[in-house]
Amino acid sequence: MSLSFDALADPTRRRILGLLLGRPRLVGEIAHELEMSQPRVSKHLRVLRDAGLVTVRPEAQRRWYELRAEPLADLDAWLAPYRRLWAERLDLLEQRLETMPDVLEEEPRQAKEQ
Amino acid sequence: MSAGNTITLDGRPALQFERHLKHSREKVWLAVTDPEHLSHWYPLRVTELEPRAGGRIMFDDGEGTIYTATITRFDPPRLFAFDEHDPEGREREYDDHLRIELHDEGAGCRLVFTHVMTDPSIADGVFKGWTACLDALVTQLDTTE
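Residues numbered from 1 in each chain as written. Chains lettered and ligands numbered in written order. Predicted model: local features only at pLDDT ≥ 70, side-chain atom pairs only at ≥ 80, totals over all residues. Heavy atoms only, no water.

**Considerations on the pairing of strand 7 (residues 96-105) of chain B**
All names here are of chain B. Bridge count between strand 6 (residues 79-84) and strand 7: six bridges; the pairing is antiparallel. Paired with Glu 84 across the bridge in strand 7 is Asp 96. In terms of strand pairing, strand 7 meets strand 8 (residues 108-116) through nine bridges, oriented antiparallel. The partner of Glu 101 across the bridge, within strand 8, is Val 112. (Pairing = 2+ DSSP bridges. Helix = DSSP H or I, 4+ residues; strand = E, 2+ residues; numbered from the N terminus.)

Put into structure tokens, the structure is as follows:
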């Protein structure tokens, strides 16, 4: 799990995953999209492969890089408590709104900086 | 109600909730930006809120930790956003970012709530904080039933 997060800590690698979220891609395409050299992209892809976030599917002379979703399930699990927390907090907000008097649209709370 | 969708914002993990509220944007704006109202539903008590972009928010977790945040957007009654800083001043790549958008919808409005997360690899402390918060919430719910 920590390996995936380390791999995700780098902004370039997150951008690569973002690209792969749409569809599998060739290294050249990724390099073109990110305006980076192919060797640099390959280095990042290596880290993502080691973390199990990306797999390679050879097809004739080409190598397609694909997103592997399983480690991202860890991320989802990590977010689960937040999801519950905010759902409950927003319930509280709704309850609060029920007890508040309606405000006139003519006088919204203004606090603009001059 | 909405379960909250996992999204990414600039590649960072985020949770997004959308809710229809049967109240005017002006009223909801008050509920989300007035310290007293905000304290009622936000996980931390708000002790200070300078209502402007660049203004500061001070949160008190009731356990001796003061959290500060910097307001990044304050456009009544439409958009309220702030960056929550690390309480111990530890350096981290990103702050947590919270964003509340209000859109007119029918007789009320639609609230879009987004929480962009700190880098998960260094989120241990944050995680513990939220867990404590959840425990407190459950206790509160139990006692109010």
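**A short note on the packing of aromatic side chains**
Across all of its chains, the model carries twelve aromatic pairs over all chains by this definition. Their ring planes at 90° and their centres at 5.7 Å tell us that B:Phe74 and B:Phe80 sit as a pair that is edge-to-face. The buried category is assigned to B:Phe80, whose relative accessible area is 1%. Clustering of aromatic rings is evident, with ring pairs tying together A:Trp86, B:Phe17, B:Trp29, B:Trp41, B:Tyr42, B:Phe59, B:Phe74, B:Phe80, B:Phe82 and B:Phe113. (Phe/Tyr/Trp six-rings, centres within 6.5 Å; stacked < 30°, edge-to-face > 60°. Buried < 20%, exposed > 50% of the residue type's maximum accessible area, 1.4 Å probe, protein only.)

**Section: the pattern of salt bridges**
Opposite charge on two side chains permits them to pair, given that their charged atoms come into close proximity. Residues and elements named next belong to chain A. This model, assessed by the stated rule, comprises 19 salt bridges over all chains. The salt bridge partner of Glu 29 is Arg 25, with a shortest N-O separation of 3.9 Å. For Glu 29, a relative accessible area of 23% translates into the label partly exposed. Note on Arg 25: relative accessible area 12%, which makes it buried. Among the salt bridges present, the one from Arg 57 reaches Glu 59, with a minimum N-O distance of 3.6 Å. On the accessibility criterion, Arg 57 (33% relative accessible area) is partly exposed. Taken together, the shared-partner salt bridges connect Arg 23, Arg 25 and Glu 29 into one network. (Salt bridge = Lys/Arg side-chain N within 4 Å of Asp/Glu carboxyl O.)

**Focus: the packing of helix 2 (residues 11-22) of chain A against helix 3 (residues 27-34) of chain A**
Residues and elements named next belong to chain A. Closest axis-to-axis distance for the helix 2/helix 3 pair is 11 Å, and the angle between their directions is 120°. On the basis of the axis angle, helix 2 is oblique to helix 3. Considering how the two elements wind past one another, helix 2 and helix 3 form a crossing that is right-handed. Along its contact with helix 2, which presents Thr 12, Arg 15, Ile 16, Leu 19 and Leu 20, the element helix 3 presents Ile 30, Glu 33 and Leu 34. For the contact of helix 2 with helix 3, a count of residues per class yields five nonpolar, one polar and two charged. (Axes fitted to C-alpha atoms, helices over the stretch in contact; angles between N-to-C directions. Parallel < 35°, antiparallel > 145°, perpendicular 65-115°, else oblique. Left-handed = near helix turned anticlockwise from the far one by under 90°. Contact = heavy atoms within 4.5 Å. Nonpolar A, V, L, I, M, F, W, Y, C, P; charged D, E, K, R; others polar.)

**What about the side chain of A:His44?**
Tracing the sequence through the fold places A:His44 in helix 4 (residues 38-50). The residues contacting A:His44, other than those within four sequence positions of it, are A:Asp10, A:Thr12, A:Arg13, A:Ile16 and A:Met36.

**Regarding the environment of A:Pro24**
Residues and elements named next belong to chain A. Structurally, Pro 24 is set in the loop between helix 2 and strand 1 (25-26). Note on Pro 24: relative accessible area 28%, which makes it partly exposed. Pro 24 has contacts with Arg 57, Trp 64, Tyr 65 and Glu 66, leaving out every residue within four places of it along the chain.

**Thoughts on unusual backbone geometry**
Omega for the peptide link from B:Pro76 to B:Pro77 comes to -10°, which places this bond in the cis form. As for its placement among the helices and strands, B:Pro77 is situated in the loop between strand 5 (66-75) and strand 6. Even without glycine at this site, A:Glu35 takes up a positive phi of about 50°. Residue position: A:Glu35 is located in the loop between helix 3 and helix 4. Judged by its relative accessible area of 74%, A:Glu35 falls in the exposed class. Even without glycine at this site, A:Ala60 takes up a positive phi of about 55°. You can see A:Ala60 is positioned in the loop between strand 2 (54-59) and strand 3 (62-67).

**Quick look at the confidence of the model for chain B**
Looking at chain B, the pLDDT average stands at 78 and 68% of residues meet or exceed 70. Counting contacts from residues 121-142 of chain B, a segment whose pLDDT is below 50, to residues more than four positions away or on other chains yields 24 contacts. (pLDDT = per-residue confidence, 0-100.)

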